[in-house]
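Below, each chain spelled out in residue letters.
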Amino acid sequence: MVHSLKFQEVGYNTCVYILTSSSSIVAILLVYVDDLILGCSDSNLQQDIVRNLVMRFRVKELGEIRKYLGMEFHRMNDKLFISQTEYIEKVLSDLNMSNMIPLEVPQPDGLAVRSDDDTPFDKSIFLSTIGKLIWISVCTRPDISFYVSYYASFSSNPTKQVWNHILQLLRYLNNTKKMGITLNANPSMKYLVNYVDAGHANEFYDRRSVSGNIHMFLNAPIQWSSKKIHSVIKSTMEAEYVSMSNACYDSKYLLMICSHVFPSIKGVDIFTDSVAAKSIAEGTGQVRKVKHLDTHQHIVRQMVLEGKANLHWISSKDNISDLLTKHVGNHRLFLSLRDMCLSQLA
C-alpha cells in the first residue's frame, strides 16, 4: 500500500516510510500495528495522502497528534513536548497510590537486594506493574530505566521487600509525572551525541557489569539503553570499552535513519568518562588489554577509523548515562543529570 503511494522504506525499518520530491523529504509515515502518524510539509499533500488511505482502508483521521500509544504530545511553537502524565496517573490509580506521598528521587534508601528470608509477593501484580514501568521507561523516562531493568530481574521470584522499593519508584513518578522530553526544531547539524557509561561487576547484578548509553538529538534524548553485559568483564576499562561498542550498534541504526531523514548528519560524537577506554578505541592505548574480546565488540574502533565516530572525554558529573548504569546515591547529582535530558511542561 505505502509503495503504491510512492513511499519508500527507511533502510530495513518496516515502520518508517518517507516520500521525497526533488531529493527533499515532503512526508514521513510511521506505522505501528494499526496506528499511523503522518507528517507532511504541505497541507494539500497531507489531504491527498489521507484521501488515498481512506479509499483503501477503514481509516479514522484524528487530526493533529495529541495522544499515541500512551504518550501525550504538546506543541509549543517550534518545539514538541512528549510525556506520559495520564498513563502514569492511571498506573498509580490502579494501585490506589494516587494520594501517596511523592518522593524526590527514585530510590532514597538504595536498591533492594536478594535475600532467602524475604516474604514472597503476588507474581501477577508484580509482573503487571513491571510491564507498565518498562513501557514508561522505554518511551519517555530514561531516568528510571536502570531501576526498572534491575527490578525486572526479580520477576521470576518477586518478594515483598522488592515490591516496597517499586512502590518508592512509583511515588517518584507521582512527583515527576509531568516531566518528559522536549524535541526542538532541526537546524543544520553534523553529528548525533551519544553519552556512554558502564558499571563494572555490579554487586546487585550478580557481579555482572552494566552497559548504558543515551543518544541526544538537539539536547533531547531519542534513544537509550540500560542492560547487563553477559560476557565476563575483567576491569572497569574493559566494561567501558564494551559499553562503547554496544552503543555504536545503536548509533549505526540511528545514522542509517538519519541518512534518509537528516542527510546532514554524518556521524556521532561519543562522550565517555573513561580515558583508558577512549585511548584504546582510538588506537593509542594498550590494545593488548582487549585483544581477547570477540570481533563484534571492536566496532567502536572501526567507526573511529571510518570517521563516523568522534570520541570525547567527559566528567562523570556531566555524563548523563550514569543514570543508566548505577544507583546514583547523591540526590543532587541525580537531579542534575536527570534535568540534562528531561524537562517539565510549563
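Refer to the structure above for everything that follows.
Residues numbered from 1 in each chain as written. Predicted model: local features only at pLDDT ≥ 70, side-chain atom pairs only at ≥ 80, totals over all residues. Heavy atoms only, no water.

Visitor: Can you walk me through the pairing of strand S2 (residues 13-21) in this structure?
Guide: When a strand is regular, its side chains alternate between the sheet's two faces. Relative to S2, strand S1 (residues 8-10) is paired through three bridges, and the arrangement is antiparallel. By the bridge assignment, Val10 is partnered in S2 with Asn13. The antiparallel pairing of S1 with S2 creates a hairpin that spans two residues between the two strands, and Gly11 there sits at a positive phi of about 60°. (Pairing = 2+ DSSP bridges. Helix = DSSP H or I, 4+ residues; strand = E, 2+ residues; numbered from the N terminus.)

Visitor: Teacher, can you tell me more about helix H4 (residues 145-152) here?
Guide: Given 3.6 residues per turn, any residue in an α-helix points the same way as the ones three and four places further on. Counting buried residues in H4 gives six out of eight residues, a clear majority hidden from the surface. Next to the buried residues of H4 lie helix H3 (123-139), helix H5 (160-175), strand S9 (191-202), strand S11 (220-228) and helix H9 (331-341). (Buried < 20%, exposed > 50% of the residue type's maximum accessible area, 1.4 Å probe, protein only. Contact = heavy atoms within 4.5 Å.)

Visitor: Sorry, what's going on with the packing of aromatic side chains here?
Guide: Describing an aromatic ring pair means giving the distance of the ring centres and the angle of the ring planes. Here the structure, examined in full by the defined rule, presents nine aromatic pairs. Ring-pair connections join several aromatic residues into one group, and the members of that group are Phe146, Tyr147, Tyr150, Tyr151 and Phe154. (Phe/Tyr/Trp six-rings, centres within 6.5 Å; stacked < 30°, edge-to-face > 60°.)

Visitor: Just checking my understanding: could you explain the sheet that holds S9 for this structure?
Guide: Within a beta sheet, neighbouring strands are joined by backbone hydrogen bonds and run either parallel or antiparallel to one another. Spatially, S11-S10-S9-S12-S13 is the arrangement adopted by the five strands of the open sheet, whose pairing is mixed. Edge positions in the sheet fall to S11 and strand S13 (309-313), since each of these pairs with one other strand and no more. If you compare each strand with its neighbour and ignore which way they point, the axes differ by 20° on average. Of the strand pairs in this sheet, S9 and strand S10 (residues 208-217) are connected by eight bridges, and their pairing is antiparallel. (Axes fitted to C-alpha atoms, helices over the stretch in contact; angles between N-to-C directions.)

Visitor: Would you explain unusual backbone geometry in this entry?
Guide: When glycine is set aside, most residues are seen to have a negative phi, and most peptide bonds are trans. Here Asn77, not a glycine, exhibits a phi torsion of approximately 55°, which is positive. Mapped onto the elements of the fold, Asn77 is located in the loop between strand S6 (71-76) and strand S7 (79-83). Note on Asn77: relative accessible area 75%, which makes it exposed. The residue Asn219 is not glycine, and still its phi comes out positive at about 65°.

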